[in-house]
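Descriptive structure summary
So the chains spell out like this:
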Amino acid sequence: MKNKFSISILLAIFILNYSCAQDLKTLDEENKNSIITTEENYEMELVFEDENIIWGIEFLNDNSILASVKSGSIYHYKNGVKTEIKDLPEIYFRGQGGLLDIALHPEFKENKWLYLSYASEDIKGKGGNTTIARAKLIDNSLVDLEVLYKGSPNSKKGQHFGSRMEFDNENYLYFSIGDRGNRNVNPQDITIDGGKIYRIKDDGTIPLDNPFYKEENAKKAIYSYGHRNPQGMFKHPETGEIWTNEHGPRGGDEINIIKKGKNYGWPKITYGINYSGTTITKDKSLPNMEQPLYYWLPSIAPSSFEYISSEIYPGWKGSLLAGALVFKYIERVGIKDNKVISRSKIAEGLGRPRDVKQGPDGYIYVSIENKGVYKIVPSKKKNNLKISEINNYPIGKELYEDFCMRCHMSDGKGVEGAYPPLANADYLLNKRIESIKAIKYGLSGPIVVNGINYNLNMEKMGLDNQEIAEIMNYILNSWGNKTEKLVTEKEVDEV
Ligand code: HEC
């Protein structure tokens with residue numbers, strides 16, 4: 001048992017340290033591809049209860065919430081009052097299809113355009129497919145409704161409608177349509193819809209520089225293809241790029257940055273297998289097909305995707321959030337230089353998270369199926385503690401958050417059996433020189449901390465002596481540690 005544990009941890013470390021997609025290829029078996037920890041310094045505050053499946057949320061200027069309900073309604077929630085929006089289009093309900101996402105035009109305040117994605121029948125042929133429409137939201141009604149895009153052909157299959165929408169910095173609208181359960185036909189064929197990310201102008205016309213605009217018979221709205229079922233999408237606030245996550249098969253959920261005209265490979269390449277356990281393809285990479293930025297093993301079933309730009313949550317800025325439908329938690333994915341460096345769980349056990357969004361007030365809101373909408377609030381007690389620490393060793397604290405926290409954790413408790421603790425740790429507190437050495441030169445081989453064995457590798461991090469002194473003073477005086485004799489740059493220099 002112990003051995004098994006340390007092997008999977010070893011694999012996990014391997015992935016943590018080398019988490020670019022290229023290196024992930026070596027991992028074939030169903031095995032956790034990184035350690036996932038649990039966030040503690042927050043509370044879930046109920047904003048409003050709702051027994052429906054709220055598929056999409058948006059914020060109006062007054063921080064009130066507009067919510068699309070999968071069974072076919074839109075509600076406006078303000079100060080505890082729920083108002084139904086009238087005059088919705090006709091919607092096709094089947095399996096995963098229904099009323100799905102909503103998005104506000106970036107200039108909604110002036111033009112009132114609300115965008116909807118939903119399954120509809122509309123055209124000839126049995127069944128339905130994903131439809132994108134816009135309408136003006138005036139006095140709680142949709143007026144001037146226009147269908148901007150209708151996926152074809154219709155299908156009676158209940159799977160993979162995609163349907164997330166997002167505007168970029170030029171007011172182009174991106175949206176997804178999943179492979180509609182027809183993976184061998186749709187995703188790799190640019191003359192049919194499904195398995196694609198699309199880009200259209202806000203009025204539904206197609207930008208002339210779309211990658212397949214000049215290609216005969218192609219669906220000209222396609223921006224990238226070879227996708228399975230992307231249900232999470234955000235615009236990166238710094239680069240303006242569109243990032244998506246998608247439901248893969250078993251073990252093949254992906255994070256991708258969407259690039260013009262690229263083929264993301266489904267189902268020719270994938271890290272996943274069929275739910276039944278049989279193989280889809282042996283290929284994990286092929287020429288001219290994009291590798292994911294990251295893939296989840298096991299699958300989390302990502303329902304939504306958001307970037308945290310808010311400063312409200314200590315240590316969370318710049319990381320990503322994805323709703324994990326299978327495990328019923330929200331996953332925070334730490335990112336550095338476009339590589340996944342950490343994973344942690346929020347709101348485990350509350351229910352299936354459908355949409356997650358940062359509001360204009362900087363708080364993160366989550367819709368949980370059949371429960372309602374919650375706001376994530378940093379817990380006050382632990383924050384106050386942090387503030388006193390900030391005053392003591394601000395530089396060391398910041399360096400710790402950048403370089404050490406992902407393994408030794410924000411509370412210094414580490415991960416038992418993998419990353420040793422620093423809080424109340426006999427190694428750190430009694431072996432001052434060895435600890436400085438470990439940070440300066442790296443550490444490997446078996447060690448014992450507070451009676452527990454550790455035997456992994458901590459790499460050299462390239463910090464200078466001044467920085468190491470700052471970090472040492474921070475960790476020697478945090479989480480209950482108290483060391484009077486401060487570490488100086490000179491002391492580190494001599495080690
Ligand atoms: C990739 C994960 C990782 C990162 C990042 C990391 N460490 Fe470690 N650290 C370890 C591991 C693993 C060990 C134990 C190595 C062994 O088993 O020989 C360790 C051991 C230590 C020890 C000695 C044991 C103890 O608990 O007192 C100290 C001190 C330490 N780390 C401090 C730091 C500091 C400070 C940083 C940031 C500058 C840092 N570590 C970054 C993984 C990490």
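Residues numbered from 1 in each chain as written. Predicted model: local features only at pLDDT ≥ 70, side-chain atom pairs only at ≥ 80, totals over all residues.

Digging into the pairing of strand β20 (residues 320–324)
The cut-off we apply is this: With C-beta atoms placed from the backbone, a residue is buried if 20 or more other C-beta atoms are within 10 Å of its own, exposed if 12 or fewer are, and partly exposed between those counts. Each helix corresponds to a stretch of at least 4 residues labelled H or I by DSSP, and each strand to a stretch of at least 2 residues labelled E; elements are numbered beginning at the N terminus. Each pair of strands is called paired provided DSSP finds at least two bridges between the two strands.
The element β20 is largely enclosed, with a buried count of five among its five residues. Burial of the side chains of β20 extends over both faces: L320, A322 and A324 are buried on one face and L321 and G323 on the other. The pairing of strand β19 (residues 306–307) with β20 spans two bridges and is classified as antiparallel. What sits directly across from E306, in β20, is L321. As defined by bridge partners, β20 adjoins strand β21 (residues 329–336) across five bridges and the pair is classed as antiparallel. Residue L321 lies in a different strand from β21, and its bridge partner there is R332.

Quick notes on the packing of helix α5 (residues 394–403) against helix α9 (residues 465–475)
Note the cut-off: With axes taken as lines fitted to C-alpha atoms, and helix axes fitted only over the stretch in contact, angles between N-to-C directions fall between 0 and 180 degrees. Throughout this description, any angle smaller than 35 degrees is read as roughly parallel, any larger than 145 degrees as roughly antiparallel, any in the 65 to 115 degree range as roughly perpendicular, and the remainder as oblique. Remark: residues whose backbone-derived C-beta atoms lie within 7 Å of one another are considered to be in contact. Basically, the charged four are Asp, Glu, Lys and Arg, the nonpolar ten are Ala, Val, Leu, Ile, Met, Phe, Trp, Tyr, Cys and Pro, and anything else, Gly included, counts as polar.
One way to put it is that α5 packs onto α9 with a least axis distance of 7 Å and a crossing angle of 95°. One element, α5, and the other, α9, form an angle in the roughly perpendicular class. Counted together, I395, G396, K397, L399 and Y400 of α5 and E467, E470, I471, N473, Y474 and I475 of α9 form the full contact between these two elements. For the contact of α5 with α9, a count of residues per class yields six nonpolar, two polar and three charged.

Considering the site of the ligand
The condition is simple: For each residue, a C-beta atom is placed from the backbone, and the residue counts as near a molecule or strand when that atom lies within 6 Å of it.
Close to the ligand lie 28 residues, the nearest being C404, C407, P420, Y427 and M458. By residue class, the composition of the shell around the ligand is 22 nonpolar, five polar and one charged.

Focus: the sheet that holds strand β14 (residues 222–225)
Here we have four strands laid out as an open sheet, ordered β11-β12-β13-β14, and antiparallel in their pairing. Looking at which strands have only one partner, the edges of the open sheet turn out to be β11 (165–167) and β14. Within this sheet the neighbouring strands show an average axis-to-axis angle of 20°, counted without direction. Two elements, β11 and strand β12 (residues 173–177), share three bridges in a ladder whose sense is antiparallel. Its bridge partner being in β12, M165 is matched across the sheet by F175.

Remarks on the domain arrangement of the chain
Quick note on the threshold: Note that the domain bounds were set by an automatic or database domain assignment.
For the chain, the assigned domains are domain 1 (16–378) and domain 2 (381–493). Spacing between the C-alpha centres of domain 1 and domain 2 amounts to 39 Å. Contacts between the two partners involve ten residues from domain 1, matched on the other side by eleven residues from domain 2. For the side of domain 1 that touches domain 2, the class distribution of residues is four nonpolar, six polar and no charged.

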